[in-house]
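# Working through the structure, step by step
Residue strings, one per chain:
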Amino acid sequence: MKQKIALIGFGTVAQGLCEILINKKNELAKKYDYRFDIVAVSDLRFGSVYNPEGLNLKRLLKEVNEKGKFIKDRVDWSAIETIEKSNSDVVCELAYTNLKDGQPAIKHCETAFKNKKHVVTSNKGPAALAYRRLKRLADKNGVKFMIEGTVLSGTPVLNLAEGPLAGNKIISAKGILNGTTNFILTKMEEGMSYEDALKEAQKLGYAEADPTNDVKGYDARAKVTILANVLMNVNLSMAEVKCQGITKITLKEIAEAKKKNARWKLIGSVENKNGKIKAYVKPELIPLDHPLAGVMGSTNALTFTTDLLGDVTIVGKGAGKIETGFSILTDLLAIAKNS
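Now for a quick tour of the structure. (Residues numbered from 1 in each chain as written. Predicted model: local features only at pLDDT ≥ 70, side-chain atom pairs only at ≥ 80, totals over all residues. Heavy atoms only, no water.)

The strand order E9-E11-E10-E8-E12-E13 describes an open sheet built from six strands, whose pairing is mixed. Pairing within the sheet leaves two strands with one partner each, and these edge strands are strand E9 (242–243) and strand E13 (310–317). Pairing geometry for strand E12 (residues 299–306) and E13, over eight bridges, is antiparallel. The residue of E13 that forms the bridge with Thr306 is Gly310. On the sheet, helix H9 (residues 179–189) packs against strand E8 (170–176), strand E10 (262–273) and E12 and is oriented at approximately 150 degrees with respect to E10. (Pairing = 2+ DSSP bridges. Helix = DSSP H or I, 4+ residues; strand = E, 2+ residues; numbered from the N terminus. Contact = heavy atoms within 4.5 Å. Axes fitted to C-alpha atoms, helices over the stretch in contact; angles between N-to-C directions.)

What follows is the structure, given as structure tokens:
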């Protein structure tokens, strides 16, 4: 049976997913018996389209790149109407991230669950601000709330914890959760000023025009909240995660760290110590012999401390069009496998 998918948002992640599905369609069918149709897309900029038999993905990508809007199969639907009226059984919530109140993404998820549709998202808003409530609503309606892409993009951390690491108690999760700040710190270690390193990060597309969420640590704080609530089954709010960014780190401090055989990293951490949760984001001096110390540039990494295996570190890209598109694919495959 084909999986019927609706995309809410058609930005970088959704387009990356479509490129993967186009290029790997035959491979996915042969290796995983995975068959799909993207039946609906709703985007604030490009409009909404619907075809119950499946949309032409190559044409969608060509239309937005050449015309700046959807042309064929257009419908006058809002995102909510697309979720309610389409024949989709999975909704990929890929709208813009809002870490203040999580809207409109939270409303999109709620609507999908009430219509008994699975949700796959890389949007940190719903996952960081309303995970437990949304998970209960999904469970009540017999559907899945899949959020692998919200922490390290395509690098598997939630699926790793719940899959290969199953049976372990995760005592803590600590790592480099933001590629932009890691890139800036790497460049500063090479002698570049903070201001110039930030400009280069923006030029390369690692940092937004307004880099506040990254450099102040807010992006990492959202990810720490997600890790706590998903892996440790607690009800932690972002406000409870102490947060400090990298804006006050100086070249002098970078140089002094070298003399101590260490380097600065912006670390996000959550620890369950005797039932008490300690969570924070802050710059830390990491000894050069620690696995996290060698993670440079825009790469991310996370170290799980477990009761059976000790420390387990995973390293990989934490952002990117194809990388985040892949995170959506992994969750889609998991839903199909268990359906």
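Let us keep going from here.
Attention shifts here to the sheet that holds strand E7 (residues 145–146). Reading across from one edge, E4-E3-E2-E1-E5-E6-E7 is the order of the seven strands in this open sheet, with mixed pairing throughout. With one partner strand each, in any of the chains shown, strand E4 (74–75) and E7 form the two edges of the open sheet. Inspection of the sheet shows strand E1 (residues 3–8) paired to strand E5 (residues 90–93) by four bridges, in the parallel sense. The residue of E5 that forms the bridge with Ile8 is Glu93.

Below, the discussion takes up the packing of H9 against helix H13 (residues 251–259). At a minimum axis separation of 9 Å, H9 and H13 run at an interaxial angle of 75 degrees. The pairing of H9 with H13 is recorded here as roughly perpendicular in orientation. Across from Leu185, Met188 and Glu189 in H9, the residues of H13 making contact are Leu251, Ile254 and Lys258. Tallied by class, the residues present in the contact of H9 with H13 amount to four nonpolar, no polar and two charged. (Parallel < 35°, antiparallel > 145°, perpendicular 65-115°, else oblique. Nonpolar A, V, L, I, M, F, W, Y, C, P; charged D, E, K, R; others polar.)

Further remarks concern the packing of aromatic side chains. How two aromatic rings sit relative to each other is set out by the distance from centre to centre and by the angle between their planes. Inspection of every chain in the model, using the stated rule, returns eight aromatic pairs. For the pair Phe10 and Phe46, a centre-to-centre distance of 6.4 Å together with 85 degrees between the ring planes defines the contact as edge-to-face. Of this pair, Phe10 sits in the loop between E1 and helix H1 (12–32) while Phe46 is found in the loop between strand E2 (36–43) and strand E3 (47–50), placing the two residues 36 residues apart along the sequence. By relative accessible area, which is 7% here, Phe46 ends up buried. Residues Tyr50 and Trp77 carry aromatic rings whose centres are separated by 4.9 Å and whose planes lie at 35 degrees to one another, so their mutual orientation is tilted. Of this pair, Tyr50 sits in strand E3 while Trp77 sits in the loop between E4 and helix H3 (79–85), and the two are 27 residues apart along the sequence. (Phe/Tyr/Trp six-rings, centres within 6.5 Å; stacked < 30°, edge-to-face > 60°. Buried < 20%, exposed > 50% of the residue type's maximum accessible area, 1.4 Å probe, protein only.)

A few words on unusual backbone geometry. Here the bond from Gln103 into Pro104 is cis, since omega is 0 degrees, no more than 30 degrees from zero. We note that Lys116 has phi near 60 degrees; this positive angle belongs to a residue other than glycine. With respect to the helices and strands, Lys116 occurs in the loop between helix H4 (105–114) and strand E6 (118–121). Notably, Asn274 is not glycine yet its phi reads approximately 55 degrees, a positive angle. Mapped onto the secondary structure, Asn274 falls in the loop between E10 and strand E11 (276–287).

With that settled, consider the pattern of salt bridges. Going through the model one piece at a time under the given rule, you end up with 17 salt bridges. The salt bridge involving Asp73 is made with Arg59; its shortest N-O contact spans 3.0 Å. Remark: Arg59 occurs in helix H2 (residues 57–66) and Asp73 occurs in the loop between H2 and E4; sequence separation between them is 14 residues. Looking at Arg59, the relative accessible area reads 25%, which means it is partly exposed. A salt bridge links Lys187 to Glu190, with the nearest nitrogen and oxygen atoms 3.4 Å apart. (Salt bridge = Lys/Arg side-chain N within 4 Å of Asp/Glu carboxyl O.)

A few words now on the pairing of E11. Inspection of the sheet shows E9 paired to E11 by two bridges, in the parallel sense. What sits directly across from Cys243, in E11, is Val281. Hairpin connection, E10 to E11: the antiparallel pair is bridged by two residues, and Asn274 has positive phi, about 55 degrees.

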